[in-house]
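Summary of structural features
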2 protein chains.
Amino acid sequence: MSELRFDPIKRRWVIIAAERAQRPDDFAREPAPPAHANCPVCPGNERYTGHEILAIRDPGSAPDGPGWRVRVVPNKFPVLRVEGALERWGRGLYDVVSGVGAHEVIVETPDHGKTLADLSLEELLDVLKVFRSRLSDLTRDVRLRYLMLFKNHGIDAGARLGHSHSQIIALPEIPDHIARKLRSSHDYFRQKERCLFCDAVRQEVGEGDRLVLDAARFVAFVPFASAFPFEVALYPRFHSHDFTAVADEDLLHLASALRDVLGRLRSTLEDPPYNLALHASPPPHPRPGRPGLWDSLALDWHWHLEIAPRLTRIAGFEWSSGFYINPVAPEEAARYLREVAPR
Amino acid sequence: MSELRFDPIKRRWVIIAAERAQRPDDFAREPAPPAHANCPVCPGNERYTGHEILAIRDPGSAPDGPGWRVRVVPNKFPVLRVEGALERWGRGLYDVVSGVGAHEVIVETPDHGKTLADLSLEELLDVLKVFRSRLSDLTRDVRLRYLMLFKNHGIDAGARLGHSHSQIIALPEIPDHIARKLRSSHDYFRQKERCLFCDAVRQEVGEGDRLVLDAARFVAFVPFASAFPFEVALYPRFHSHDFTAVADEDLLHLASALRDVLGRLRSTLEDPPYNLALHASPPPHPRPGRPGLWDSLALDWHWHLEIAPRLTRIAGFEWSSGFYINPVAPEEAARYLREVAPR
């Protein structure tokens, strides 16, 4: 079983996924994603995955066979597993948690040749509905403290399948980046009785020079302190902390905004590799010993998407300092993205 | 001039180095490091760099000409500059600091074909003395709050020169990773009156299964919660917070330990790309408005080196969560590194 280990010096968790054990020479070359002919998530190859967890299917089609439009399956090499007891223990200075969680793959289209940006509005809406449904279902497992939904597009962004997909890793601890945002927004709300994210959206809309898309229900902008060139944040304009409670009508607005942003990135940067993540609120389970911090989510969290093209190499300075160097001014990146025709 | 910008949601600084301004199509392909014949830091090509800041030279050789063994020059594309006023201002929610600092390149050998692991003990000692000397000199500039010394070895670790070198970026703000370690060790000392790093070293020596090298003055181990496979930490066994005050004799011990560790990584992983960083104490300048946190460095900081081979690809999960997945158990990695003959 994997382990989560906490570093008390760096104050961060890592997953030691020793089940994936590798010998030193395994690192010589990372395997290329399988060719289309051998794609394990294409229609007709359903036997190569675990049993489907959820699918949007044509009427009359049977589970684990063709006829699906979006299909969710367990990750074949999960970093965390649903089975087993959640245990916490110490080892001298260090903290350990057993590797309990979940690791799912959302196959976004049956068409191996399509990317997320190629999907029609209706197809993208189906994908977002599946995201909402899986997050909603996993929220019921009280062992899980965060549900990280993310996407790797392109080999340089870490994709190991050539077929368009997203993943959910459900964790028994709140990840560091989310914990910090929770703390920032919680502190801010306590001080000002306003949502930090709402204020950021208001400032971006007001200043305008980092805006990429300014729609009725959603707004996209290049963050003021972007770590990566052409990074885009996509926020609901309305205060909303719980992604699982978003109405169908707003999901449609979101699909439209996301399609626009992906199209702009593709036009500007010629189908760049990118990572996308949904920063949803954590499941609202009571957290022993941490009163106050996660009890006001409805007031101080505001879900959003982050999309970061992978254009630059991260080197020693970034790894050692946590300080990022962005060679493109956010205002310049936004201008390029605003002025291009999405395609 | 570049700007440092602070994200109040993620609580981290970035450098917007817009002087390096790039258009979207500049990202299509990163340029390969120049070939040996065109290497700008080889002996005989001194005119291609800025004036040397420091060099260890043969007697009678002139500055900015051949005859050096280690040579420090300004980075040709600095992310921060020494010139200009250090100013801090706000812009709505955000904080900005002018891009004042320094960016130096330490050319570690005149021989284009040698890596750091190829250097003799005496040559490596010279490199470490130059590190100490540059850090000591930069510490005098009261505008600088942290001096990040790091090395990129190999293209996949971000090296843009084929010639062995390290860099120093001197910053007007404490980087996030260092600030966290300062806080961890400060809190720990206040609670226990012991150095957190000393305790970690003691635990590693005691448990032994993550040890790589156990020498009289230095110890190297694979951290318990390593984020990256085959990561190694190198610590003085004796409590020492100030790298600029390390005695020549201990620098020789350090050169010997570092040479051993680099040789073990090279044997085990066949000259892997890696990043190396020195986590020295911050310059002990008084910090207005932050009493207490940086005033006890001598008691609670403990300098060390971090060396991380770049073997795995960082993808959406890591970027969005800050949670790392390490596919090699630290105990396994340490066993490989311990059992190999360094070369």
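Rules used in this analysis
- Residues numbered from 1 in each chain as written.
- Chains lettered and ligands numbered in written order.
- Predicted model: local features only at pLDDT ≥ 70, side-chain atom pairs only at ≥ 80, totals over all residues.
- Helix = DSSP H or I, 4+ residues; strand = E, 2+ residues; numbered from the N terminus.
- Buried ≥ 20, exposed ≤ 12 C-beta atoms within 10 Å, placed from the backbone.
- Contact = placed C-beta atoms within 7 Å.
- Nonpolar A, V, L, I, M, F, W, Y, C, P; charged D, E, K, R; others polar.
- Pairing = 2+ DSSP bridges.
- Expected span 1.5 Å × (residues − 1).
- Least-squares fit on C-alpha atoms with pLDDT ≥ 70 in both.
- Axes fitted to C-alpha atoms, helices over the stretch in contact; angles between N-to-C directions.
- pLDDT = per-residue confidence, 0-100.

**Thoughts on the overall build of chain A**
Looking only at helices and strands, chain A features 7 helices and 15 strands. Along the three orthogonal principal directions, the C-alpha set of chain A runs to about 50 × 50 × 45 Å. A total of 343 residues make up chain A; the buried ones form 49% of that total. Sequence separation of at least 24 residues holds for 71% of the intrachain contacts in chain A that already meet a minimum separation of 6.

**Thoughts on the interface of chain B and chain A**
With 72 residues of chain B at the interface, the matching set in chain A holds 72 residues. Looking at which element gives the most residues to the side of chain B that touches chain A, the answer is helix α2 (residues 176-192) of chain B, with 6 residues. Of the residues contributing to the side of chain B that touches chain A, the split by class is 43 nonpolar, 15 polar and 14 charged. Sheet analysis places strand β2 (residues 12-16) of chain A next to strand β15 (residues 324-326) of chain B, joined by 3 bridges and oriented parallel. Residue Ile15 of chain A lies in a different strand from β15 of chain B, and its bridge partner there is Ile325 of chain B.

**Some remarks on helix α4 (residues 248-269) of chain B**
Residues and elements named next belong to chain B. Taking 1.5 Å per residue, 22 residues should reach 32 Å; α4 reaches 31 Å between its end C-alpha atoms and fits that length. Leu254, Ala255, Ala257, Leu258, Arg259, Val261, Leu262, Arg264, Leu265, Arg266, Thr268 and Leu269 are the residues of α4 that are buried. Glu270 lies just past α4 and shows a positive phi near 55 degrees.

**Some words on the pairing of strand β7 (residues 102-107) of chain B**
Residues and elements named next belong to chain B. Most of β7 is tucked away: 6 of the 6 residues are buried. Residue alternation in β7 divides its side chains into two sets, Ala102, Glu104 and Ile106 and His103, Val105 and Val107, and both sets are buried. Across 4 bridges, strand β4 (residues 68-74) lies against β7 in antiparallel orientation. When the bridges of β7 are listed, Arg71 appears paired with Val107.

**A few points about the pairing of strand β14 (residues 304-309) of chain B**
Residues and elements named next belong to chain B. Burial runs high along β14: 6 of the 6 residues are buried. Because side chains alternate across β14, one face comprises the buried residues His304, Glu306 and Ala308, and the other comprises Leu305, Ile307 and Pro309, equally buried. Relative to β14, strand β13 (residues 274-279) is paired through 6 bridges, and the arrangement is antiparallel. Pairing of Leu276 across the sheet is with Ile307, part of β14.

**A look at unusual backbone geometry**
Of note, the phi angle at Phe230 of chain A is positive, near 65 degrees, even though the residue is not glycine. Looking at the secondary structure, you find Phe230 of chain A in the loop between β11 (218-221) and β12 (232-236).

**Describing the relation of the copies chain B and chain A**
After a rotation of 180 degrees and a shift along the axis of 0.0 Å, chain B superposes on chain A with an RMSD of 0.0 Å. The two molecules are tied by a two-fold rotation axis, judged by turn and shift. In terms of C-alpha distance to the rotation axis, chain B has Ile314 of chain B as its closest residue, with the C-alpha 4.8 Å off the axis. Interface overlap between copies: 100% of the residues of chain B at the interface are likewise at the interface in chain A, consistent with a symmetric, same-surface contact.

**Description of the sheet that holds β15 of chain B**
The strands that make up a sheet are held in pairs by hydrogen bonds between backbone atoms, and each pair lies either parallel or antiparallel. Pairing in this open sheet of 5 strands is mixed, and the strands run β5(A)-β6(A)-β1(A)-β2(A)-β15(B) from one edge to the other. The open sheet has two edge strands, β5 (88-91) of chain A together with β15 of chain B, and neither has a second partner. Averaged over all pairs of adjacent strands, the angle between strand axes in this sheet comes to 30 degrees, irrespective of strand direction.

**Description of the sheet that holds β4 of chain B**
Residue and element names in this part refer to chain B. Taking strand neighbours across the sheet as the criterion, the 10 strands line up as β3-β4-β7-β9-β8-β13-β14-β12-β11-β10 in an open arrangement whose pairing is antiparallel. Each of the sheet's edge strands pairs with one partner strand only, and the pair in question is β3 (54-57) and β10 (211-214). Going across the sheet, the axis of each strand differs from the next one's by a mean of 15 degrees, ignoring polarity. The sheet contact formed by strand β8 (residues 146-153) and strand β9 (residues 165-171) spans 5 bridges and is antiparallel. Considered in β9, the bridge of Tyr146 is made with Leu171. Across the sheet, helix α1 (residues 121-138) lies against β3, β4, β7, β8, β9 and β13, angled at about 30 degrees from β4, the strand it touches most.

**Comments concerning the confidence of the model for chain A**
The predicted model of chain A has a mean per-residue pLDDT of 93, with 96% of residues at 70 or higher. The ipTM for the predicted assembly is 0.93, set against a pTM of 0.94.

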